[in-house]
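Spelled out, the chains give:
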Amino acid sequence: MVAAKVKSVFPAKRVSFHVNGTCVELDIGSQPHQVETSHTLAHTLRETLGLTGTKVTCDNGACGSCTVLMDGTAILSCMTLTVECHGRSITTIEGLQDPDTGRLDPLQQSFIDHTAFQCGFCTPGMILSAKALLNETPSPAEEEVKEALSGNFCRCISHYQVLRAVMAVAGSGEVKHV
Amino acid sequence: MRPFTHINARTIRQAVSALAKFDGNARLNAGGTDLFGILKDEFLPAYPEAIVNIKTVTGLDYIREDKGLLRIGALTRLADIAKSPLLRERYGALAETAHAVASPQIRNVATLAGNLCQDVRCCYYRYPHHIGGPIACARKGNGPCLAVKGDNRNHAVMGGRRCFAACPSDTAVALTLYDAQLLAVGPTAERRIAVRDFYTPLGNQLNNDEMVKEIQIPVITEPAQQSFLKFTLRKPIDFAIVSVAALVATKDGICAEARIALGAVAPGAVRAVTAEEFLRGRAINDETAAQAGVLALADARPLSRNAYKIQIAQTLVARALLGQDSATVVNVSHAYDPTELSTFHRCSSPASQGYATVVDSEHR
Amino acid sequence: MSEEYRFIGKSTRRKDATEIVTGATRYLNDIKFTDLLHGKVLRSPHPHAIIKRIDSSRAEQLPGVKAVLAWEDVPDWKAGTPRILRVLDRKVRFVGDVVALVAATSEEIARQACGLIDVEYEILPAVFDMEEAMKPGAPQLYDELPGNIVTPGTPAFGPHSLKEVVMGDVEQGFREADVISEGTFGYENIPNPIPPEPPGAVALWEEPNRVTLWVSNQASYLDKILMFHVFGKKVEVRTHGMACGGSFGTKIMSWPVQTYATLLSKATGRPVKVVFSKEEHIAAFVLRPGSRMQAKVGMKRDGTVTAVSGRWLVDTGYYSSTTQAQVAVGCGEIQLMTRCANWDLKTDIVCTNRNASGCVRGFGGQELKCSFIPLLCQAMEQINLDPVEFIKKNYVKPGDGYFWRDGAWYTYRGVDYTDAIERGAKLFGWKEKWQGWLKPSAVAGVKRRGIGVGVHGNADIGEDSSEAWVRLNPDGTALLYSCITEHGTGQRSNYLKMVAEVLQLPMERVSITPADSLINPFEYGPFGSRGTYAIGSAAIAAAEDARRQILELVAPRLGVKAEELETVDGLIFVKDNPGKSIKWGAMGYDRTVMGYGRFDPDFTLANCMTTFVEVEVDTETGKVDLLRVVNTTDVGQIIDPPGLEGQLNGCLGSSGIDSALFEETTFDMTTGHILNPNLIDYKWRTFSELPSIDNVVLETPVASHRFKAIGVGEVATSPGPMAILMAVSNAIGVWLHEYPATPERVLKALGKIPGKARSGGAA
């Protein structure tokens, strides 16, 4: 009886999801062109799809560098299996610019205006964590911004300038929901 | 990560059957935030053959009161528990514990059952494979516990046996406070396990073909003061060094009901029964709260480097009972009150003082 | 500000800003190669062992594996100072040391192959403590280093490389003292700056003897030189410096990862990438040196230091690369902060069986002062001397002298930092808060606040050499040739700002070459805050040279002398008759003008950073919260205000202030394992725990280059840790001397750790 039940649960052969508005369909398997079951979303974004704006620092869920948006919510792409992203909508740092005009997201522009980065390696993750916050809370208090970014690691200490950059656009109504 | 077979379970039965089929060599995956750390670091003797995704099981994400029980689906995300109006109003300690876990990104995917079933954080147990190989230990069944003579600053001060790793789950502390039970589903039957009995020094009560379906909490109807204090070196990210949850109901200034649960001091979350009994019928004030703190840790027997946890736990018990915030017990009045978090003062300065411009170097 | 500039001192947009915020910046791991192989390292489980036998046959049979290399398979290349560490050796010297290398078609296959290499070890006894390592009979790491004492001095600093501070008559000095303080103090938590981007390299070997390396390093030209020497001076090396995701000094020690990639490429004929995992980054790359000082100091009531004697022990781990240089610079820096005539301070660098220490922001001085200032504090306590008064009195003044890293004596010709220190103290409210030694600045219930101050500075802001070219193009643009990678300070933009200012060109018309060692002239790289003065001087000189040449070129066309000409926005005109002008294009489409600039070392200027901190201690839990930081300095002239602010805020990161609060590398003294090689257990500053920071920056023109500026970026991390210990001690009324000030240590100092520990072993 048990065996009969299990028979109905085959490993999936394909996975499809949206990345920055574009549908991605990938074969699952162990060939070089395929996605392996053990591949993380971070790996697939960077190595298979060439979206290297997503950075991997700890590859262990502790630093926030690989943060992307899944259906608008901040998640860690290094702790997410690609095969479990079926039907989801992923936004990476490459997807924040207006696809028609190429205009930067106001949050990106504000990071530039406030020099809210030093080495820049953690910056994509920071921007996406802030973006997720503004999606849900368009006019956050500074404490809410700190909380939303509390899982993002930065060793240069860009924190203070990042807070200014996020607060400068918070509540401006300029930031579109992604 | 090394390859594995991946299965999306559509039902609990499918998930449990898959566990049975792989006979202990499959692992369930919900949020994945602990599991993938384990797989990436390859510190366990065996690597699973299969990962069974249970996020594809529908209907396990809920918070509802029903027949005297608050029922929370196993796959309810910590972020949803932290912001649930129902929980915030009447099960505040649980909402606080969920909010205290890790980081926003983790809470967005981590589930309640996953938080309860996560593996311990012992630095020897988790030492990664890729830096010279994993460290053998009692919990893995292949060696002695090195923490006993080594760095045990984060280990259990009570209840350890062979293994002294402390329970890392924050939500277990609130659930123990509430006398909550897990509903576990196996291939043939369901059973209930009290959260306070769930953990053993070497693991937990769950069989490797069982899956947690629901967490059940006896409904709290009487108004009670609840608090959860988590002591860490930093606010987010960190696992507790010590945590305490307390629930106090008073009538005419006298304690009618007191419950205290301790986290990160033992292999499981622990109820401080003696301290609870002591408080019932007494007024809770600085003195009785401090006494309760001492009683709560009376059974503690620290290792070489973790006695400091006892002092912290005693303090947290007293503060939780008194309803004090862990961070700011008293505000120290001070002249400086920053209006800006950071400032940059560019100061003008007297003109060049005319030092010599020649390089003035000589050996002496 | 004494002068108004068009760009200098203004907030200008970083040249790479758009790429950074859109994810387009290419760090090492972001570039694509065809036929790329991935390299992985098999690491030692033992802190000290001989490899008796390696069998890699199982690994070689795994499909996708292209090469497996062990010590017998590689050339006799050596690294370290002295050059005694074989790049793959028969001996392993720490848990995590390299045993074998694998190249495969994927990272995962390479990793699995590592697990299929069978190694038989002869385990040797190991030693983890410096003083134990120096004892007779202790395990010996190298035959060449008897007693595990590393050969002092570094060839890089010349034959008289500074190894100690010895001058005057200490006996006489101690006789003159009103108070003498003595003791042993350490800074031994070996914290790790852990930039987000891990160390890595891609190598492409071309027979017979050429390798191209793509590197992540703040100083990519130096890699070319360092690797040339590691490769036995027989290999031609070209480096491409990519955008660097943080370094804080450490990535100058990237020779292992660069060597591994090179060896694997040589073995396979294909490009090979080796990027360390974060676990390897923490457990098997670079730590701060461990520092322990047994010393004695004599002081007069007015804060005059009459004598310093003692011994500074530095733990370099399993080998030394830059540690002798750090000791040299530390010995110089202690003189900058202590105006004393009588010294007898000796040093020893010791090898132990743990991961290596080496180059880190604060380069020796932070480690030394974190051990030395507690000693000074005890003397100051006895005479009730305010530490701010001590610092003001003792920090180097114009006309003072000091021995610097090459053993030579230099006379200081920079500014007096008293003004900067006083302004910082005023903003902080030091006078109002200072209640005396071991006295809290405020108390409420179980919470106590305390204040502390630290100071650090170096005379390395003009160290080493730099070269640059500036090419003027007929289209009115300019190109700076400088082998500079961007590692977070904004320097690539800052040098362009200097060039733009000299040439009076809009910022968008100046650009900089990629950091390719093949096309650029020599560049030592940004260390010791040398970027602004040293690298800046070369860029400025190159721009001035190019400007002179183009003016000379067109002067005959305008019928005037070159000195009568000015150029703005690519237009050259007669100063007295601006209507008489000609465009740069007049040089002809078939011509460019190339200016050259060079900077030679100058050790007569020093920077100074003073940091004030206020902490709050919960005396019932031992938790220390950092409430406030005030950094104060004088930079001569700000180049880029937001960039400078970022550097100063950096005091919290990269194992700076927080190395006194919660940052430490935890280490098992029995097994030799680093126990926290991950970003959960290694603690770092989060957004939820930000103290307020005020940065005070004075601009007293200093005789450096035409913009009268010096750098301070590196030193921001260094004064903080000692200030924290002082503040915590003052708050709780008991001396705390160990870093970091954890709850465990604070409660212990307060006598609040109850009960008797369960005895080890049985349970």
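Residues numbered from 1 in each chain as written. Chains lettered and ligands numbered in written order. Predicted model: local features only at pLDDT ≥ 70, side-chain atom pairs only at ≥ 80, totals over all residues.

1. Some details on the sheet that holds strand E25 (residues 515–516) of chain C
Residues and elements named next belong to chain C. Basically, it comes down to this: When DSSP finds at least two bridges between two strands, those strands are taken to pair. Numbering of helices and strands runs from the N terminus, with a helix taken as a DSSP run of H or I at least four residues long and a strand as a DSSP run of E at least two residues long. Note that contacts rest on C-beta atoms placed from the backbone: two residues are in contact if these are within 7 Å. Here an axis means a line fitted to C-alpha atoms, over the contact stretch when the element is a helix, while the angle between two N-to-C directions is reported on a 0 to 180 degree scale.
With respect to topology, 8 strands assemble into an open sheet ordered E3-E7-E1-E14-E11-E12-E13-E25, the strand pairing being mixed. Strands at the two margins of the open sheet, each flanked by one partner only, are strand E3 (65–69) and E25. Bridge count between strand E1 (residues 37–43) and strand E14 (residues 272–275): 2 bridges; the pairing is parallel. Across the sheet, Leu37 pairs through a bridge with Val272, a residue of E14. In the packing of helix H6 (residues 220–230) onto the sheet, contacts are made with strand E12 (210–215), strand E13 (236–241) and E25, and the angle to E13 comes to roughly 155 degrees. Helix H7 (residues 255–268) contacts E1, E3, strand E7 (98–104), strand E11 (200–206), E12 and E14 of the sheet and is inclined by roughly 35 degrees relative to E11.

2. A word on the packing of helix H11 (residues 387–394) of chain C against helix H12 (residues 418–428) of chain C
Axis angle and axis distance: for two packed helices, these are the angle between their axes and the distance between the axes, and together they describe the pair. Residue and element names in this part refer to chain C. Stated precisely, the cut-off is as follows: The cut-offs work like this: below 35 degrees is roughly parallel, past 145 is roughly antiparallel, 65 to 115 is roughly perpendicular, and the gaps in between are oblique. Put simply, a crossing is left-handed when the front helix is turned counterclockwise from the back one by less than a right angle, and right-handed when it is turned clockwise. Residues are grouped as follows: Ala, Val, Leu, Ile, Met, Phe, Trp, Tyr, Cys and Pro are nonpolar; Asp, Glu, Lys and Arg are charged; all remaining types, including Gly, are polar.
Running from amino to carboxyl end, H11 crosses H12 at an angle of 160 degrees, the nearest separation of the two axes being 9 Å. It follows that H11 is roughly antiparallel to H12 by the angle criterion. By crossing handedness, the relation of H11 to H12 is classed as right-handed. Contacts between H11 and H12 involve Val388, Ile391 and Lys392 from the former and Thr418, Ile421 and Ala425 from the latter. For the contact of H11 with H12, the residue count by class is 4 nonpolar, 1 polar and 1 charged.

3. Some remarks on the interface of chain C and chain A
Taken together, the contacts link 43 residues of chain C with 39 residues of chain A. For the side of chain C that touches chain A, the elements supplying multiple residues, two or more each, are helix H1 (17–22) and helix H16 (641–649) of chain C. Per-element accounting of the side of chain C that touches chain A gives the leading share, 5 residues, to H1 of chain C. A breakdown of the residues in the side of chain C that touches chain A according to their chemical character gives 18 nonpolar, 19 polar and 6 charged.

4. As for helix H11 (residues 286–296) of chain B
Note: α-helices contain 3.6 residues per turn, so residues at a spacing of three or four share the same orientation. Residue and element names in this part refer to chain B. Which entries qualify depends on this criterion: As a rule, residues whose C-beta atom has 12 or fewer other C-beta atoms within 10 Å are exposed, those with 20 or more are buried, and those in between are partly exposed; C-beta atoms are placed from the backbone. This arc describes the spread of directions from the helix axis toward the C-beta atoms.
Turning to H11, its buried residues are Ala289, Ala292, Gly293, Leu295 and Ala296. Down the axis of H11, the sector holding all buried residues measures 165 degrees, keeping them to one side. Among the exposed residues of H11, those oriented more than 90 degrees off its buried face are Asp286 and Glu287. In the core, the buried residues of H11 are packed alongside strand E13 (254–263), helix H10 (273–279) and helix H12 (308–321).

5. Some remarks on the sheet that holds strand E1 (residues 5–8) of chain B
In sheet architecture, strand pairing relies on hydrogen bonds along the backbone and comes in two forms, parallel and antiparallel. Residues and elements named next belong to chain B. Strand order in the open sheet formed by 3 strands is E1-E3-E2, and the pairing between neighbours is parallel. Every interior strand has two partners, whereas the edge strands, E1 and strand E2 (26–29), have only one. For this sheet the average axis-to-axis angle between neighbouring strands, irrespective of direction, equals 25 degrees. The sheet contact formed by E2 and strand E3 (residues 50–53) spans 4 bridges and is parallel.

6. Things to note about the pairing of E12 of chain C
Residue and element names in this part refer to chain C. Applicable threshold: Consider the strands pointing away from the viewer: the crossover is right-handed when the path from the first strand over the helix to the second runs clockwise.
The buried fraction of E12 amounts to 5 of the 6 residues, a majority that puts the element mostly inside the structure. Turn length for the E11-E12 hairpin, with the two strands adjacent in sequence and antiparallel, is 3 residues. As for the winding sense of the linkage, the β-α-β connection from E12 through H6 to E13 is right-handed.

7. Observations concerning the pairing of E7 of chain C
Residues and elements named next belong to chain C. Buried residues dominate E7, accounting for 7 of its 7 residues. Pairing between E1 and E7: 6 bridges, direction antiparallel. Across the sheet, the residue bridging to Arg43 is Val98, located in E7. Summarising the sheet, E3 and E7 pair through 4 bridges and their orientation is antiparallel. In the sheet register, Val65 faces E7, and the bridge partner there is Ala104.

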